[in-house]
Structures are given as C-alpha cells and as structure tokens.
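Topology and contacts: notes
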Amino acid sequence: MNFGTGQAGEKHIAKLLKRRGFRILEMNFHSRFGEIDIIAEDRQYIVFVEVKTREKGSLVQPFEAITPQKQRRLLLTAETYLAVHPITLQPRFDAAAVYTEQGRIVGEEYLENVFGIS
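We now turn to the structure provided with this report. Just so you know, these numbers come straight off a predicted model, no measurement behind them. (Residues numbered from 1 in each chain as written. Predicted model: local features only at pLDDT ≥ 70, side-chain atom pairs only at ≥ 80, totals over all residues. Heavy atoms only, no water.)

**Notes on the sheet that holds strand β3 (residues 45-55)**
Overall, mixed pairing links the five strands, which are arranged β1-β2-β3-β4-β5 in an open sheet. Among the strands making up the open sheet, the edge pair consists of β1 (23-30) and β5 (104-115). Between one strand and the next, the sheet's axes are offset by a mean angle of 25 degrees, whatever the strand orientation. When β3 meets strand β4 (residues 90-101), the two strands line up parallel, connected through eleven bridges. Each bridged residue has a counterpart across the sheet, and for arginine 54 the counterpart in β4 is tyrosine 99. (Pairing = 2+ DSSP bridges. Helix = DSSP H or I, 4+ residues; strand = E, 2+ residues; numbered from the N terminus. Axes fitted to C-alpha atoms, helices over the stretch in contact; angles between N-to-C directions.)

**Overview of the packing of aromatic side chains**
In this structure the tally under the stated criterion is four aromatic pairs. Summarising the aromatic geometry, the rings of phenylalanine 29 and tyrosine 81 are spaced 5.1 Å apart at their centres and angled 85 degrees between planes, so their arrangement reads as edge-to-face. Placement of the pair is phenylalanine 29 in strand β1 and tyrosine 81 in helix α2 (residues 68-84), with a sequence separation of 52 residues. Take phenylalanine 29 and tyrosine 81: they sit in the same class, and that class is buried. Aromatic side chains phenylalanine 48 and tyrosine 81 sit 6.2 Å apart centroid to centroid with 80 degrees between the ring planes, which places their arrangement in the edge-to-face category. Placement of the pair is phenylalanine 48 in strand β3 and tyrosine 81 in helix α2, with a sequence separation of 33 residues. As far as the burial class goes, phenylalanine 48 and tyrosine 81 line up, both buried. Members of the aromatic cluster, each reached through a chain of ring pairs, are Phe29, Phe48, Tyr81, Phe93 and Phe115. Between the NZ or CZ atom of arginine 20 and the centre of the ring of tyrosine 110, over which it lies, the distance is 5.1 Å. Over the aromatic face of tyrosine 45 sits the side chain of arginine 92, whose NZ or CZ is 4.6 Å from the ring centroid. (Phe/Tyr/Trp six-rings, centres within 6.5 Å; stacked < 30°, edge-to-face > 60°. Buried < 20%, exposed > 50% of the residue type's maximum accessible area, 1.4 Å probe, protein only. Lys NZ or Arg CZ within 6 Å of the ring centre and 35° of its normal.)

**With respect to the pairing of strand β2 (residues 35-41)**
The element β2 is extensively covered by neighbouring structure, given that six of its seven residues are classed as buried. Of the pairings in the sheet, the one linking β1 to β2 comprises six bridges and is antiparallel in character. Note on β2: the bridge partner recorded for isoleucine 24 is alanine 40. Between β1 and β2, which pair antiparallel one after the other, the connecting turn spans four residues, and glycine 34 there sits at a positive phi close to 160 degrees.

See the structure below:
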C-alpha cells in the first residue's frame, strides 16, 4: 500500500461518516503517542476511527493490523485530544477497512465500538 492509497481510504470513510450524520472534527490527529485517522462526532458520540486500507486478497487482513499495542497508542492519543478539546459526548473507538483493487476502492467494512479502556 502506498501513502496515497491510505489517504484515499481515509477520505472514503470520512465521506461515509458524513452520510451517516457525523461531523468530521479532525483528520490525521497526531500526538506523541501516535495518530488517529479520523475524529468525528454526532449527537451522542465522539468517535475515534482507525482506517486500514488493503489490496483485496492481501495476506494480512486490515483489522488484524490493529494490535493491542496499536489500540493502546490510540487510547493515549484520544486522551491527549480530549484533554485539549473537552467534550461531553461518549467516546467510541471504531475501525474501518477499505479494500482496493488495482488502486481503486472496491469496498469497505465499518465496525463500531471495537475496543475500549480496559
């Protein structure tokens, strides 16, 4: 996967979230712990979304790349965001897989509330 493909996948999921009534707050939010691809909100949730883009038929499936270590970095990055941008909405961590074929997006999967604070 090249950088452009990952960005295309993130933009694809941002459009999907907008269609579902979410407002995009941040794209590619960075902290010293890592990066969150998309931060969005609706009336009930602030959603931190990890997007993985893979060529259809890849040996490693997109959701497999969200390891416990990656989850920990996402949690710390979300805490950093919330410390600077206090909000009363319920936080939620979602994951999205975007599938490509010859550089074109051919599908997606979106999972809500995939992990939380343990």
